[in-house]
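Given next are the chains, with one letter for each unit.
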Amino acid sequence: MRRRIGPWLVPAFGGLAFLFLLVPIAYVFAFSFNDAGRTNLSWRGFTLDNWRNPCGAPAVCESLANSLQISSIVTVIATILGTAIAIGLVRLRFKFNATANMLIFLPLATPEVVLGASLLAQFLNIGVDLGVGTIIIAHSMFCISFVVVAVKARVASLDPKLEEAAADLYASPIQAFWRVTFPLLLPGIVAAALLAFAMSFDDFIITNFNSGNVDTFPKFIYVAATRGIPAQANVIGSAMFIIALLIVIGGQILSNRRAKMLAAR
Amino acid sequence: MSLLTAPRSAKAKPEETRSASEIRADKRRGRVGYLLILPGFIFMLLFFVLPVFSLLATSLYTKPPGADIGQFVPALQFSNYAAVLGSYWPELVRSFAFALIATVAALAIGYPMAYLVAVRLRGRKLLQGILLVLIIAPFFTSFILRTQAWKQILADEGPVVAVLRAMALLPEDGRLTATAFAVVCGLTYNFLPFMTLPIYANLERLDTRLIEAGGDLYANSFTTFRTVTLPLSMPGVIAGTLLTFIPASGDYINAALLGNNQNTTMIGQVIDSRFFRVVDYPGASALSFVLMLAILFLVILYVRRFGTKELL
Amino acid sequence: MTMVQTKPESPNTDADDQGADLRLAAITKRFGGFLAVDNLDLEIPAASFFALLGPSGCGKTTTLRMIAGLEQPTSGSMSIGGKDITGTSAHERPVNTVFQNYALFPHMSVLDNVAFGLKRRKIRDHQAKAKQALELVELGHLSARRPAQLSGGQQQRVALARAIVNEPALLLLDEPLGALDMKLRRQMQGELKRIQTDIGLTFVHVTHDQEEAMTMADTVAVMNQGQVEQLGAPRELYELPRTAFVANFLGKSNLVAGEIIEDRGDAVVISAGGNRLAVRKDRSTTHQGKALIGIRPEKLRMMWPADAPADGSNILRGRVLDSSFTGVSTEYLVEVAGIGPVGVFSQNHGQQLAAPGDDVVLTWDTAHAFGLDGDEDTQAGAREAEAAAT
Ligand SMILES: Nc1ncnc2c1ncn2[C@@H]1O[C@H](COP(=O)(O)OP(=O)(O)O)[C@@H](O)[C@H]1O
Ligand SMILES: [Mg+2]
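Residues numbered from 1 in each chain as written. Chains lettered and ligands numbered in written order. Predicted model: local features only at pLDDT ≥ 70, side-chain atom pairs only at ≥ 80, totals over all residues. Heavy atoms only, no water.

Would you mind going over the overall build of chain B with me for this structure?
Helix and strand content of chain B: 13 helices and zero strands. What you see in chain B, going N to C, is helices and strands ordered as α-α-α-α-α-α-α-α-α-α-α-α-α. Relative to its 312 residues, chain B shows a buried fraction of 55%. Long-range pairs, those at least 24 residues apart, make up 65% of the contacts in chain B between residues at least 6 apart in sequence. (Helix = DSSP H or I, 4+ residues; strand = E, 2+ residues; numbered from the N terminus. Buried < 20%, exposed > 50% of the residue type's maximum accessible area, 1.4 Å probe, protein only. Contact = heavy atoms within 4.5 Å.)

Before we go on, may I ask you to explain the nonpolar core in this structure?
Nonpolar side chains in soluble globular proteins tend to be buried together. One finds F209 of chain A, L203, I271 and L291 of chain B together with F105 of chain C to be the most contacted residues of the largest nonpolar core, which totals 207 residues. Examining the composition of this core, we find that 18 residues originate from one element, helix α2 (residues 79-120) of chain B, more than from any other. Among residues more than four places away in sequence, those in contact with I271 of chain B are V113 and F209 of chain A together with A284, L287, S288 and L291 of chain B. (Core = buried A, V, L, I, M, F, W, Y, C linked by side-chain atoms within 4.5 Å.)

Any chance you could explain the pairing of strand β3 (residues 49-53) of chain C here in plain terms?
Sheet faces and side chains relate simply in a regular strand, where the side chains alternate between the two faces. Residue and element names in this part refer to chain C. Judged by how many residues are buried, β3 sits mostly within the fold: five of five residues are covered. Residues of β3 alternate between two faces, with F49, A51 and L53 on one and F50 and L52 on the opposite face, all of them buried. Here five bridges tie β3 to strand β8 (residues 203-207), and the two strands are oriented parallel to one another. From the neighbouring strand, F49 faces β8, where its bridge partner is F203. As defined by bridge partners, β3 adjoins strand β9 (residues 219-224) across four bridges and the pair is classed as parallel. Bridging from a neighbouring strand, L52 pairs with A221 of β9. (Pairing = 2+ DSSP bridges.)

Looking at this structure, I do not really get the state of the cysteines. What am I missing?
Linking two cysteines covalently through their sulfur atoms gives a disulfide. Residue and element names in this part refer to chain A. Under the criterion given, the structure shown has one disulfide over all chains. The partner cysteine of C55 in its disulfide is C61, sulfur to sulfur 1.9 Å. Judged by the sign of its S-S torsion, about -90°, the cystine formed by C55 and C61 is left-handed. For C55, a relative accessible area of 43% puts it in the partly exposed group. For C61, a relative accessible area of 18% gives the class buried. (Disulfide = S-S within 2.5 Å.)

Quick question: what am I supposed to make of the site of ligand 1 here?
Taken together, twelve residues form the shell around ligand 1, and within it G57, G59, K60, T61 and T62 of chain C come nearest. What surrounds ligand 1 is not a single chain but chains B and C. Within the contact set of ligand 1, an oxygen atom lies 2.9 Å away from a backbone nitrogen or oxygen of K60 of chain C. Across the complex, the protein chains shield 67% of the 560 Å² of accessible surface that ligand 1 would expose by itself. When residues of the shell around ligand 1 are traced back to their parent elements, those giving at least two are β2 (34-44) and α1 (60-68) of chain C. The leading source of residues in the shell around ligand 1 is α1 of chain C, at three residues. Its residues assigned to classes, the shell around ligand 1 shows five nonpolar, five polar and two charged. (Near = heavy atom within 4 Å. Polar contact = N/O pair within 3.5 Å; in protein donor to acceptor, adjacent residues only side chain to side chain. Areas by Shrake-Rupley, 256 points an atom, 1.4 Å probe, with all protein chains shown as cover. Nonpolar A, V, L, I, M, F, W, Y, C, P; charged D, E, K, R; others polar.)

Is there a simple way to explain empty space enclosed by the protein in this structure?
The gaps of empty space that remain are located by a probe, the size of a water molecule, rolled over the atoms. Applying the stated rule across the entire model yields six cavities of 30 Å³ or more. Estimated volume of the largest cavity: approximately 350 Å³. What lines the largest cavity is a set of 24 residues, and nearest its centre among them are E112 and M199 of chain A together with F191, F194 and P247 of chain B. The element that contributes the greatest number of residues to the lining of the largest cavity is helix α10 (residues 234-250) of chain B, accounting for four residues. Of the residues assigned to the lining of the largest cavity, the class counts are 16 nonpolar, three polar and five charged. (1 Å grid on protein atoms, 1.4 Å probe; cavity = no way out; pocket = protein on both sides within 12 Å on 5 of 7 lines; lining within 4 Å. Points joined across faces, edges and corners; volume = space filled by probe spheres on them.)

Would you mind going over the confidence of the model for chain C with me for this structure?
Detailed reading of the predicted coordinates is not advisable wherever pLDDT falls low. Residue and element names in this part refer to chain C. Mean pLDDT over chain C: 88, with 95% of residues reaching 70 or higher. Confidence over residues 1-19 falls short of pLDDT 50; this stretch has 24 contacts with residues more than four positions distant or in other chains. For this predicted complex, the interface score ipTM comes out at 0.88, alongside a pTM of 0.82. (pLDDT = per-residue confidence, 0-100.)

Teacher, can you tell me more about the pattern of salt bridges here?
Two side chains carrying opposite charge are able to pair once their charged atoms lie near each other. All names here are of chain C. Summed over the entire model, instances satisfying the criterion amount to 25 salt bridges over all chains. When the shortest N-O distance is used, the salt bridge between R280 and D282 registers 3.2 Å. Look at D282 and you get partly exposed, because its relative accessible area is 39%. Through salt bridges with shared partners, a single ionic network connects E138, R157, E191, R194 and D198. (Salt bridge = Lys/Arg side-chain N within 4 Å of Asp/Glu carboxyl O.)

Help me out: how do you make sense of the interface of chain C and chain A in this one?
Where the parts come together, the accessible area they lose is often given as the size of the interface. Counting from both sides, the interface comprises 28 residues of chain C and, opposite them, 21 residues of chain A. Of the roughly 2200 Å² buried between chain C and chain A, counting both surfaces, carbon and sulfur atoms make up 62%. For the pair chain C and chain A, the interface holds one salt bridge. In this structure, E164 of chain A and R65 of chain C form a salt bridge, with 2.6 Å as the shortest nitrogen-oxygen distance. Between chain C and chain A we count six residue pairs in polar contact (both at pLDDT 80 or more) in total. For the side of chain C that touches chain A, the secondary structure elements donating two or more residues are α1, β6 (95-98) and α2 (110-120) of chain C. (Buried area = accessible area lost by both parts, 1.4 Å probe.)

Explain the interface of chain A and chain B here, please?
At the interface, 102 residues of chain A touch 97 residues of chain B. Interface of chain A and chain B: buried area, both sides summed, is about 9300 Å²; carbon and sulfur atoms make up 78% of it. Salt-bridge contacts for R146 of chain B lead to D202 of chain A; the nearest nitrogen and oxygen are separated by 3.5 Å. No other element matches helix α1 (residues 6-31) of chain A, which puts 17 residues into the side of chain A that touches chain B. Classifying every residue of the side of chain A that touches chain B gives 75 nonpolar, 18 polar and nine charged.

Teacher, can you tell me more about the domain arrangement of chain C here?
When the domains of chain C are assigned, the result is domain 1 (13-238) and domain 2 (252-377). Here the C-alpha centroids of domain 1 of chain C and domain 2 of chain C sit 40 Å apart. (Domains from an automatic or database assignment.)

What is the right way to look at unusual backbone geometry in this model?
Negative phi characterises most residues that are not glycine, and trans characterises most peptide bonds. In the Ramachandran plot, A178 of chain B falls in the positive-phi region, its phi being about 60° despite a non-glycine side chain. Within the fold, A178 of chain B resides in the loop between α6 (159-166) and α7 (180-204).

Looking at this structure, how should I read the environment of A86 of chain A?
Residues and elements named next belong to chain A. Counting through the fold element by element, A86 comes out in helix α3 (residues 60-91). Taking C-alpha positions, A86 is 25 Å from T134, a pair spaced 48 residues apart along the chain. A86 has contacts with V148, V151 and K152, leaving out every residue within four places of it along the chain.

Looking at this model, I keep getting lost on the sheet that holds strand β20 (residues 370-373) of chain C. Mind explaining?
Strand pairing in a sheet relies on backbone hydrogen bonds. The paired strands run either parallel or antiparallel. All names here are of chain C. The five strands are arranged β13-β12-β11-β14-β20 in an open sheet whose pairing can be described as antiparallel. Lying at the two open borders of the sheet, with one neighbouring strand each, are β13 (275-280) and β20. For this sheet the average axis-to-axis angle between neighbouring strands, irrespective of direction, equals 45°. For strand β14 (residues 290-295) and β20, the ladder comprises four bridges, and the chain directions are antiparallel. Across the sheet, G294 pairs through a bridge with F370, a residue of β20. (Axes fitted to C-alpha atoms, helices over the stretch in contact; angles between N-to-C directions.)

Would you mind going over helix α13 (residues 281-306) of chain B with me for this structure?
Owing to its 3.6 residues per turn, the α-helix aligns residues three or four sequence positions apart on the same side. An ideal rise of 1.5 Å per residue puts 38 Å on 26 residues; α13 of chain B measures up with 37 Å between its terminal C-alpha atoms. Capping of α13 of chain B at its N-terminal end is provided by D280 of chain B; its side-chain oxygen lies 2.9 Å from the backbone amide nitrogen of G283 of chain B. (Expected span 1.5 Å × (residues − 1).)

For this particular structure, what's the right way to read the confidence of the model for chain B?
Residue and element names in this part refer to chain B. Predicted confidence across chain B gives a mean pLDDT of 83, with 89% of residues reaching 70 or more. Of all the helices and strands in chain B, helix α8 (residues 208-217) carries the lowest mean pLDDT, 66, while α2 carries the highest, 93. The model gives residues 1-16 a pLDDT under 50, and that stretch makes 51 contacts with residues more than four places away or in other chains.

Even after reading the chapter, I still don't get the layout of surface pockets, so can you show me in this structure?
Residues and elements named next belong to chain C. Taken as a whole, the second largest pocket holds about 1300 Å³ of empty space. Around the second largest pocket, the lining is made up of 44 residues, and of these Q210, N248, G251, K252 and A385 lie nearest the centre. Taken together, the residues of the lining of the second largest pocket break down into 19 nonpolar, 15 polar and ten charged. Each of domain 1 (13-238) and domain 2 (252-377) gives at least three residues to the lining of the second largest pocket.

I keep staring at the sheet that holds strand β16 (residues 315-325) of chain C and nothing clicks. Help me out?
Residue and element names in this part refer to chain C. Read across the sheet, five strands follow the order β15-β19-β16-β17-β18 without closing on themselves; strand pairing throughout is antiparallel. The open sheet terminates on both sides in strands that have one partner only, identified here as β15 (301-303) and β18 (340-347). This sheet shows a mean twist of 45° between the axes of neighbouring strands, independent of strand direction. Where strand β17 (residues 329-336) and β18 come together, eight bridges link them in antiparallel fashion. Residue E331 lies in a different strand from β18, and its bridge partner there is F345.

Below you can see the structure in the form of structure tokens.
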């Protein structure tokens, strides 16, 4: 008799793992409805006030606006530079591969404290004022590596024959890129951009080293944690989570439906 | 011609025996390749490589007698290293120990998650998509907020401790927060996505027919897993463990929020406080540099031992 | 009487010259130190169906890629319709390719795939033209689908439509049927031929399948190790191979080494293992000294010793080693003293079959034998033919 524990063991365990992942988010969500007053530590009763007035606590929304602005710019910079590197590296496959890969890999192999500290040392040495600009630079730097890794896998799995087919069909190299290569890389690029945005949005350590007195959302929470995080922060954390979920799932459903419609024709 | 085809005959032959058009085609390919990587590499050079050298330089600065707080002059003060290592080696060792345990735990949790989504749910695109987003979406809640949530869930007056005490799994005065256990749990939790995603990316490409073939050849599904699936997913496991271990060993949020001040301090906390509270830039830089070298050393050792060449 | 007498080394020069002839002059391609295409001269007349046939690795794809502009030759020049195209890029050439694995754009509908080339050249009513091309390959009803939603055979037709819709001077097909199963393959062979005749485009078809090349092409070039061994109409190549490689790669041949011992005026006589074998001079590449004589297995007549002529040339006496009955015919292996095993292919007329151990006599018509250079390897191409068949 074959032992048949596998079939239910994996889903059960995997399901528990997902639960583990979501428990604190559920907690954050629940406590966004807490009638908390100054500190949101214990349950004081249900209210919708926090959701009606998410900017009610001082500086929550400023820090969120900073974060959104920074993450958006970082996403654009890191996605463009990282995608270009990923494509370039695959094209130059046989040339100075080791050096290039090392340069991409090292930031991933360096803990955030070190990245943050070294950038800070650099900024201090050349006397740059810390602020939004330095945060953007710092975030872009570590996000590029993630983008390169994510996009490179996609580029490498692309059939080079497709570009040849485009050239064979009168497409100049530039047309071949925009009409064939780019659309095929796009899902990978979008995923990489999403990852870059998430990493930037959620970064605290590197930000803390290079932000001067500019607050990002995570920094605001960290600072607030010592005297009590306002429930509005929970509202924003929950809302961001839900928005991200809806955007991606919505996109997924749309593309699934389109595929089904195509298949039905 | 093709953007994606590397110049195959690049260094194959001396130039003079190749035709002009052959050389031109190769050059065109090469030039575009360089143009593509140049901006990004300049950025990395300016904001990663140079800063690391800045860090190295700063770590050797010295404080002149009678200088103000935060004033240092360039020097080659190697004793900075001896000083910080002498004081903080326990934190360094502890950081690696915590990170190692957290990595193993994250692997134990993350692998089944990745396997469930990538292999068991293969073909069910919508469900796969939703679960994948659930892995990334916590980033948007802010990890400090989530860590803070754990702190309150596990707090002395919280529900978990109450239940554990009632079941006598925890002594009457036992607690979960402010313990090493809580810090490791926090690390495991926070870096779980970094473990799960690379393994998922690897398993997703795995040919399920191989698993079925394994199932035909062996009687036991665990044997199939051990002899077929696991070896094939090793590149994902290696990437995941590295992406978990490295940030975990430098993290200080979990230790700061879930730990105490005596036996859970991690090296990241020390670096942070030497930078911002003590304003000892050389000492903090020296510690950072040591941490970076130590991790690189461990990573190289690890990759040599288990490694695939194709790390990225 | 069945022979085609054109000189096989020179292609059909009398075909009309005003179309877009392709001319390759001394084309060489090296990959590092490896010589993939060796000083190739080739002329492909307009509106013909031309097949490049050769074993895997002989340089067919490389040749095709150089014609398409996807690879640049190391030396040599090429022109289409008299216009030099050496060194131009793929997108500048009036040439289209049907790739081996089709290389359809997975993110575009079938119709957009087909319209791709037209759009790049800014042709008006590209949609209508693309639709028309899809109708031609009988896929008009699937134009909204994605390539992944089509069967292999359908994808193959889309690839074909995507290429021919551009009305290129030259259509290149790299083993276009290689991925299809046998039945579909035969069907598509007929269809490709029909389309080529209908639209009158020049097709250059690369294949390692000799049957495919023979049934479809007007002209076949047999390639080996980067060179063209022989070029001509299929029948011509088969009946009168000029090298041992062609004799063995294209169908089967019995090649026997010997020495020319007599000149009869219109024929020479070769002595091999004590047997006298005659070959016509116009069917032999050599008229003195060492030579190989070749006879196709189906050209051999097998008789019982009692029925055989007592003496003369073109008579081999042997003993049956092995026989295999396939219904339509029987294949024998006959051991001939001084020569070795000889293959015989005997059609089923209802005659009594020989069994292993039987003594038999083999004869043939002098007009069916061919003579080759004596230095050639009698086995050249045999192994490649076997590999290509599997
Ligand atoms: N880009 C390349 N680099 C090195 N060698 C190659 C390359 N392309 C083809 N070759 C070699 O050239 C020879 C001819 O290849 P190809 O033209 O593909 O043969 P065919 O299509 O007849 O099978 C082969 O031995 C192959 O290994
Ligand atoms: Mg080929």
